[in-house]
Amino acid sequence: MIIAIDGPAASGKGTLARRLAESLNLAYLDTGSLYRATGVATIRAGGDPALEADAVKAAKALDLAKFTPADLRSEEAGIAASKVAFIPAVRAALLDFQRNFARSKASGKAGAVLDGRDIGTVVCPDADFKIFIEADLETRVRRRVKELRETGENIIEARVRADMQARDARDQDRTVAPLKLADDAFRLDTSALTADEAFAQARAYIDSKVPKAKR
Ligand code: CDP
């Protein structure tokens, strides 16, 4: 079983993906962490995340063991991620890893859930279930501010809003693998939902559909 979850920044993808993985015994890959790690590695090497040569070099040599969750969750890492993600050769360099993760059944697991921007459209177009998760800008800004403050990052709300709008625009407007709704995706707006309610709606969608593999 493969579940693809796509959506913009702070729409609730990670929370939902983790809960689905736990409840359905699936392996979980947060694909944003690959782009974040590539962005941070580029900066650590003294490069520019917006420069193809620097970013591709980092993507090809990526070693996730070199990053702590805190290294990857910062606002700076998110911005660097969306810059490297804009570069087609970076996306190509990270594609195999994501497809292999989805295909290779982790031991004892029933399949995988991946979240990102292009999972249902490019990485796993044949996924058994596709969820496109959305939330309005102010809700997403509130969530991201809370998340960053909890990690101790000293941030300004107006700055987070501006960064998120710039990131949304870059993710939606790029020519390769932009963030967009797959034709066969289940749309879930979490603006007015708690995490429990979003999970319940996603489970209802999954439970109402017989997995392709079992048809
Ligand atoms: O957590 P948040 O939603 O803010 O971001 P993320 O999922 O960690 O992704 C960080 C950035 O990586 C995004 O803004 C995208 O530009 C990029 N990304 C992508 O292009 N394709 C993916 N499958 C996942 C992330």
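Not measured: the values here are computed from a predicted model. (Residues numbered from 1 in each chain as written. Predicted model: local features only at pLDDT ≥ 70, side-chain atom pairs only at ≥ 80, totals over all residues. Heavy atoms only, no water.)

So, the environment of A166
Now for step 1: Position of A166 among the secondary structure elements: in helix α9 (residues 157-173).
Now for step 2: In the structure, A166 is positioned 87 residues away from I79 in sequence and 8.8 Å away in space, judged by C-alpha atoms. (Helix = DSSP H or I, 4+ residues; strand = E, 2+ residues; numbered from the N terminus.)

Some points on the site of the ligand
Now for step 1: The environment of the ligand is made up of 19 residues, and the closest members are R36, R91, R144, R167 and D171.
Now for step 2: A distance of 2.9 Å separates a nitrogen atom of the ligand from a polar side-chain atom of T31.
Now for step 3: The contact in question runs from an oxygen atom of the ligand to an N or O atom on the side chain of R117, over 3.1 Å.
Now for step 4: According to the grid-proximity analysis, the pocket containing the ligand is the largest pocket.
Now for step 5: Those elements giving two or more residues to the shell around the ligand turn out to be α2 (32-44), α5 (75-84) and α9.
Now for step 6: Top element by residues in the shell around the ligand is α2. It accounts for three residues. (Near = heavy atom within 4 Å. Polar contact = N/O pair within 3.5 Å; in protein donor to acceptor, adjacent residues only side chain to side chain. 1 Å grid on protein atoms, 1.4 Å probe; cavity = no way out; pocket = protein on both sides within 12 Å on 5 of 7 lines; lining within 4 Å. Sits in = over half its atoms within 2 Å of the grid points.)

Points about the packing of α2 against α5
Now for step 1: Orientation of α2 relative to α5, taken along the N-to-C sense of each, is 100°, at an axis distance of 7 Å. By the angle class used here, α2 and α5 are roughly perpendicular. In this structure, α2 uses Y35, R36, T38, G39, V40, T42 and I43 to contact α5, whose residues at the interface are E76, A77, G78, A80, A81 and V84.
Now for step 2: Each residue belonging to the contact of α2 with α5 can be placed in one class, and the counts come to seven nonpolar, four polar and two charged. (Axes fitted to C-alpha atoms, helices over the stretch in contact; angles between N-to-C directions. Parallel < 35°, antiparallel > 145°, perpendicular 65-115°, else oblique. Contact = heavy atoms within 4.5 Å. Nonpolar A, V, L, I, M, F, W, Y, C, P; charged D, E, K, R; others polar.)

By themselves, these are just geometric observations and shouldn't be taken as functional.
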